[in-house]
Amino acid sequence: MSTIFSKIIAKEIPADIVFENEDLLAFRDINPQAPVHILIIPKIEIASTLLLNSKEHSLLLGAMYDAANEIARNEGIDKNGFRLVINCGDDGGQEVYHLHMHLLGGRKMQWPPG
Ligand code: AMP
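Parameters and conventions
- Residues numbered from 1 in each chain as written.
- Predicted model: local features only at pLDDT ≥ 70, side-chain atom pairs only at ≥ 80, totals over all residues.
- Heavy atoms only, no water.
- Salt bridge = Lys/Arg side-chain N within 4 Å of Asp/Glu carboxyl O.
- Helix = DSSP H or I, 4+ residues; strand = E, 2+ residues; numbered from the N terminus.
- Buried < 20%, exposed > 50% of the residue type's maximum accessible area, 1.4 Å probe, protein only.
- Pairing = 2+ DSSP bridges.
- Axes fitted to C-alpha atoms, helices over the stretch in contact; angles between N-to-C directions.

Considerations on the pattern of salt bridges
- All told, the structure shown has five salt bridges when counted by the stated rule.
- The shortest N-O distance in the salt bridge between Lys 43 and Glu 20 comes to 2.9 Å. With a gap of 23 residues between them, Lys 43 in the loop between β3 (36–42) and α2 (55–75) and Glu 20 in strand β1 (residues 17–20) connect regions that are remote in the sequence.
- For Glu 20, a relative accessible area of 38% gives the class partly exposed.
- One salt bridge in this structure joins Arg 28 and Glu 75, with 2.9 Å as the shortest N-O distance. With Arg 28 in strand β2 (residues 24–28) and Glu 75 in helix α2, this residue pair connects regions lying 47 residues apart in the sequence.
- When its relative accessible area of 32% is taken as the criterion, Arg 28 is described as partly exposed.
- Judged by its relative accessible area of 24%, Glu 75 is partly exposed.
- One connected set of salt bridges, linked through shared partners, spans Lys 11, Glu 20 and Lys 43.

Rendered as structure tokens:
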């Protein structure tokens, strides 16, 4: 089922896009939890990591990771570090069921997460 992220991919609703290629889009989270909070998403609709089931999907996840590192460098948070998060399913705290990776940085993170 489509989510609001499909509308962002289609450019039907605005987003602060920081990275885009053929397969991926990245934009600033509307409710940032850190000075840098960016969401990296595939352009194809995959609800969650629970549904990643092919070599193609594994490559996509790797590409999301590569994009996160590139964006971290662009945002100037690669030296001090950052956090990558994928919330998966109900217990994982996922709210938007379009696979996405959170890139959080610009402040010291805490552990454990809530
Ligand atoms: P999650 O809980 O992992 O599903 O995270 C969903 C994230 O999407 C939250 O951090 C929201 O703030 C963010 N979000 C929801 N709608 C938008 C939007 N239109 N533009 C940017 N970020 C959004």
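A look at the sheet that holds strand β5 (residues 101–105)
- The five strands are arranged β1-β2-β3-β5-β4 in an open sheet whose pairing can be described as antiparallel. In this open sheet, the two strands that pair with only one neighbour each are β1 and β4 (82–85). Direction aside, the axes of adjacent strands within the sheet are offset by 20 degrees on average.
- By the bridge criterion, five bridges tie β2 to β3 in an arrangement that is antiparallel. Bridge pairing links Arg 28 to Ile 38 in β3.

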